[in-house]
Amino acid sequence: MSRKCSDELPPEEARCCFQGMEVDCMPEDLSKCLYEEGCVELGEVKDMRLEAEAVVNDVLFAVTDMRVSHSLSSGLDVAYINLETREGQRYCLELTEAGLRVVGHVFDQVHEELSTQYHETVYSLLDSLSPGYREAFGNALLQRLERLKQNGQ
């Protein structure tokens, strides 16, 4: 999940949101945050390589393998992620400002002739590709709810 810096507070009181939790940010840290629509960008551009690492870390628990490609050229505007679902299907994903999409059915290979739809989130993409992801996500959610229930008693 990416960070989003609040543009509603003056820089000296800025807060950042990281994985759903609001935390204090120093003004010099604001330019390091990954921005989403509606944020002040301070002249910085979202680095897709960093965004790709965040995507991988967010859903690694629910797939067999997922990592940012080191063979394909990534940069500020595009990054590639290799994914193996729990069903054993392999994909090469492209991450851009438009979202995520499948660009290949083999690690580290882009097939230009593929015309797949973009997904706004990795969750939407995985939900469409992998029943095993849906099951793992549901199980993780149930376990977390159980822990919350136990801590509340």
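Within each chain, residues carry numbers counting from 1 in the order of the written sequence. At least 70 in pLDDT is required for a residue's local features to be given in this predicted model, at least 80 for side-chain atom pairs to be given and counted, and no such filter applies to totals for whole chains, interfaces and linings, which use all residues. With hydrogens and water stripped out, all remaining heavy atoms of the structure feed into the side-chain values.

Per an unreviewed UniProt entry, the protein goes by the name Gsk3b interacting protein and belongs to Cyprinus carpio carpio. Taken from UniProt, the Sequence similarities (unreviewed entry) comment for the protein reads in full: "Belongs to the GSKIP family." UniProt positions are given in the numbering used here, feature names are shortened, and annotations may be inferred rather than shown by experiment.

(A) Structural view of the overall build of the protein. Going along the chain from the N terminus, every DSSP run of H or I of four or more residues is numbered as a helix, and every run of E of two or more is numbered as a strand. Scanning the protein from N- to C-terminus turns up 3 helices and 7 strands. Along its sequence from the N terminus, the protein presents helices and strands in the succession β-β-β-α-β-β-β-β-α-α. Throughout this description, buried means an accessible area under 20% of the type-specific maximum (1.4 Å probe, protein chains only), exposed means over 50%, and partly exposed covers the range between. Scored against the burial criterion, the 153 residues of the protein give a buried share of 37%. Each accessible area is a Shrake-Rupley result for a 1.4 Å probe, and residues are judged covered by the shown protein chains and nothing else. Working note: accessible area of the protein is about 9600 Å², and carbon and sulfur atoms make up 49% of it.

(B) The confidence of the model for the protein, seen in detail. Scored between 0 and 100, pLDDT is the confidence that the predictor attaches to each residue. Residues with a pLDDT of 70 or more make up 70% of the protein, whose mean pLDDT is 77. Note on residues 1-43: pLDDT is under 50 here. Beyond four places in sequence and across chains, it has 64 contacts. Here, residues are in contact when the closest pair of their heavy atoms is within 4.5 Å.

(C) Region of the structure containing helix α3 (residues 131-152). Across its 22 residues, α3 extends 32 Å between first and last C-alpha, which sits within 8% of the 32 Å expected from 1.5 Å per residue. What α3 keeps buried is the set Gly132, Tyr133 and Ala136. Along the axis of α3, the buried positions cluster into a sector of 105 degrees, meaning they face one direction only. Across from the buried face of α3, at angles greater than 90 degrees, the exposed residues are Glu135, Leu142, Leu148 and Gly152. Elements that come into contact with the buried residues of α3 comprise α1 (48-59) and α2 (122-129). Multiplying 1.5 Å by the helix residue count minus one yields the expected span of that helix. For this quantity, the arc is that covered by the directions from the helix axis to the C-beta atoms.

(D) Layout of the nonpolar core. Only buried residues count toward a nonpolar core. Its members are Ala, Val, Leu, Ile, Met, Phe, Trp, Tyr and Cys residues joined through side-chain atoms within 4.5 Å. If you look at the biggest cluster of nonpolar residues, it comprises 22 residues, and the most contacted ones within it are Met66, Ile81, Leu83, Leu93, Leu100, Val122 and Leu126. Those elements giving two or more residues to this core turn out to be α1, β4 (65-68), β5 (79-84), β6 (90-96), β7 (99-104), α2 and α3. In terms of residue count, α1 provides more of this core than any other element does, 5 residues in total. Apart from the residues within four sequence positions on either side, leucine 83 is in contact with Val63, Asp65, Met66, Gln89, Arg90, Tyr91, Leu93, Phe107, Leu126 and Leu129.

(E) Local environment of the pattern of salt bridges. Here, a salt bridge means any side-chain nitrogen of Lys or Arg that lies within 4 Å of a carboxyl oxygen of Asp or Glu. Going through the model one piece at a time under the given rule, you end up with 5 salt bridges. Residue arginine 90 pairs with glutamate 84 through a salt bridge whose shortest N-O separation is 3.4 Å. A relative accessible area of 16% means that glutamate 84 is categorised as buried. Between aspartate 127 and arginine 134 there is a salt bridge; the shortest N-O distance is 3.8 Å. Residue class for aspartate 127 comes out partly exposed when judged on its relative accessible area of 36%.

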